[in-house]
Amino acid sequence: MNIVMFETEEWERQACVRLEPHHRVRCVAEPLDQRNAADFADAEVASPFVNSRLDASALSHFPRLKLIATRSTGYDHIDLPYCAAHGIIVSNVPDYGDSTVAEHVFTLLLAVARKLVEAVERTRRGRFTQTGLRGFELRDRMIGVVGTGRIGLRVIEIARGFGMNVVAYDLQPDEAAANRLKFAYTSLDKLLSDADVVTLHVPATPGTLRMLSDREFSRMKPGAILINTARGHIVDVEALVRALADGRLRGAGLDVLPQEPLIREEAAIFHQEAIRDAEDFKALVANHVLLRFPNVIVTPHNAYNTEAALERIIATTLANIEAFAQGTPQNVVSAH
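Residues numbered from 1 in each chain as written. Predicted model: local features only at pLDDT ≥ 70, side-chain atom pairs only at ≥ 80, totals over all residues. Heavy atoms only, no water.

A. Quick look at unusual backbone geometry. Across the junction of Glu20 and Pro21, the peptide omega takes the value 5°, indicating a cis bond. Tracing the sequence through the fold places Pro21 in the loop between α1 (10-16) and β2 (24-27). One non-glycine residue, Asn331, lies in positive phi territory at about 55°. By the secondary structure assignment, Asn331 is in the segment after α13 (307-325). (Helix = DSSP H or I, 4+ residues; strand = E, 2+ residues; numbered from the N terminus.)

Shown next, in the form of structure tokens:
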């Protein structure tokens, strides 16, 4: 098969050699979108990462495409209904980053709670005053975990190690896990009103779009911290800016933002198709405002980025491609 791996680094190119000589493999550094899709029209397998955009306008350039093997757990960058209608199988990497992402949650949380970035910047300038750096400890604080899949449960395990109390919200509660880890499920509104820390671990779906907006922020406990390592569109960033500006929230730790590709490559803003409407533009402006709040820490979608996790990602992706080639697709995701 003709296989194209997008958004690849050199070490990934070396790993993909194992697919040869049975398949033709091309590794390219850039993401896939409608602007370059025609350059790879002969591909039968495409393996993107999260910065690619496999919408109908891009996928229409691939008449021979049979498999999309995304190197991620999430697949909101792929038009699943289009794939279903055109017989394209989509596979993902379901469990590469439970500990990796969960540990990054606490990296962000501790950095916000202890004002770490400001403290480090101050000492690098030769100032060793503690004025304005008073933080708070995690022990006996309440953490609200929204979404109790693999990552959410690992967050709860770590939170227990810090001596935190835990409440959780999920549309499909895992009562066995709740009994094992000694936490309670509650409604989203109750979680928001009780938690000192709210951390998000739900997928990007129509039902989670702007899951936290003005209404939800108004219900959050004053002085709470928001952590988002899931997907940017789960949070209404304009509402988050308002909650921070009003002093409702103590701070936020964000590894994801809406319109990430445009933040990453500002020149892309001037492509006609990049910003579809005024809402996209307002979200982009809100992102830039967030980057300037002293009580907000933003990392560049880096929660997954450890050596062990990356090795699991590429190993599972290559196994997905080989399984498909043998007629036994695995880790298949559905449009429903």
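Picking up after the structure, the text goes on.
B. Spotlight on the nonpolar core. Ranked by internal contacts, the top residues of the largest apolar core, which has 34 residues, are Val146, Val198, Phe217, Leu226, Leu240, Leu249 and Leu290. Top element by residues in this core is helix α10 (residues 237-245). It accounts for 6 residues. When near neighbours in sequence (up to four residues on either side) are disregarded, Val146 contacts Tyr169, Leu188, Leu191, Val198, Thr199, Leu200, His201, Val202 and Met211. If you look at the next biggest cluster of nonpolar residues, it comprises 29 residues, including Val105, Ile158, Val166 and Leu181. (Core = buried A, V, L, I, M, F, W, Y, C linked by side-chain atoms within 4.5 Å. Buried < 20%, exposed > 50% of the residue type's maximum accessible area, 1.4 Å probe, protein only. Contact = heavy atoms within 4.5 Å.)

C. Summary view of the sheet that holds strand β6 (residues 142-146). Strands sit in the order β8-β7-β6-β9-β10-β11-β12 across an open sheet of 7 strands; the sheet is parallel. A strand with exactly one partner marks an edge of an open sheet, and here the two such strands are β8 (184-185) and β12 (296-298). Where strand β9 (residues 197-200) and strand β10 (residues 224-228) come together, 4 bridges link them in parallel fashion. Note on β10: the bridge partner recorded for Leu200 is Asn228. Lying over the sheet, helix α4 (residues 98-113) contacts β6, β9, β10, β11 (249-254) and β12, oriented at roughly 150° with respect to β10. Across the sheet, helix α6 (residues 150-161) is in contact with β6, β7 (165-169) and β9; its angle to β6 comes to roughly 170°. (Pairing = 2+ DSSP bridges. Axes fitted to C-alpha atoms, helices over the stretch in contact; angles between N-to-C directions.)

D. A look at the environment of Arg292. Topologically, Arg292 is positioned in the loop between α12 (278-290) and β12. Owing to a relative accessible area of 62%, Arg292 belongs among the exposed residues under this scheme. A polar contact of 2.7 Å, which involves the side chain of Arg292, links it to the backbone oxygen of His288. (Polar contact = N/O pair within 3.5 Å; in protein donor to acceptor, adjacent residues only side chain to side chain.)

E. Quick look at the pairing of β6. Across the 5 residues of β6, 4 count as buried, placing the element largely inside the fold. At this point the chain moves from β6, through α6, to the parallel β7, and the crossover so formed is right-handed. Note that β6 and β9 share 4 bridges and pair parallel. From the neighbouring strand, Gly144 faces β9, where its bridge partner is Val198. (Right-handed = clockwise from strand over helix to strand, strands pointing away.)

F. A look at the sheet that holds strand β1 (residues 2-5). The sheet built from 5 strands is open, its strands ordered β2-β1-β3-β4-β5 with parallel pairing. Edge positions in the open sheet fall to β2 and β5 (89-91), since each of these has one partner strand only. With strand direction ignored, the average angle separating the axes of adjacent strands in the sheet is 15°. One ladder, built from 2 bridges, connects strand β3 (residues 45-47) with strand β4 (residues 67-69); its direction is parallel.

G. Spotlight on the pattern of salt bridges. All told, the structure shown has 19 salt bridges when counted by the stated rule. Note that Arg231 is salt-bridged to Asp76, the shortest N-O span being 2.8 Å. Pair noted here: Arg231 is in the loop between β10 and α10 and Asp76 is in the loop between β4 and α3 (80-85), with a separation of 155 residues, a long-range link. Judged by relative accessible area, which is 16%, Arg231 ranks as buried. Connected through salt bridges with shared partners, the residues Asp189, Arg215, Glu216 and Arg219 form a single ionic network. (Salt bridge = Lys/Arg side-chain N within 4 Å of Asp/Glu carboxyl O.)

H. Here's a closer look at the side chain of Asn228. Inspection of the secondary structure puts Asn228 in strand β10. Apart from residues lying up to four places away in sequence, Asn228 is in contact with Leu200, Val235, Gly253, Leu254, Asp255 and Val256.

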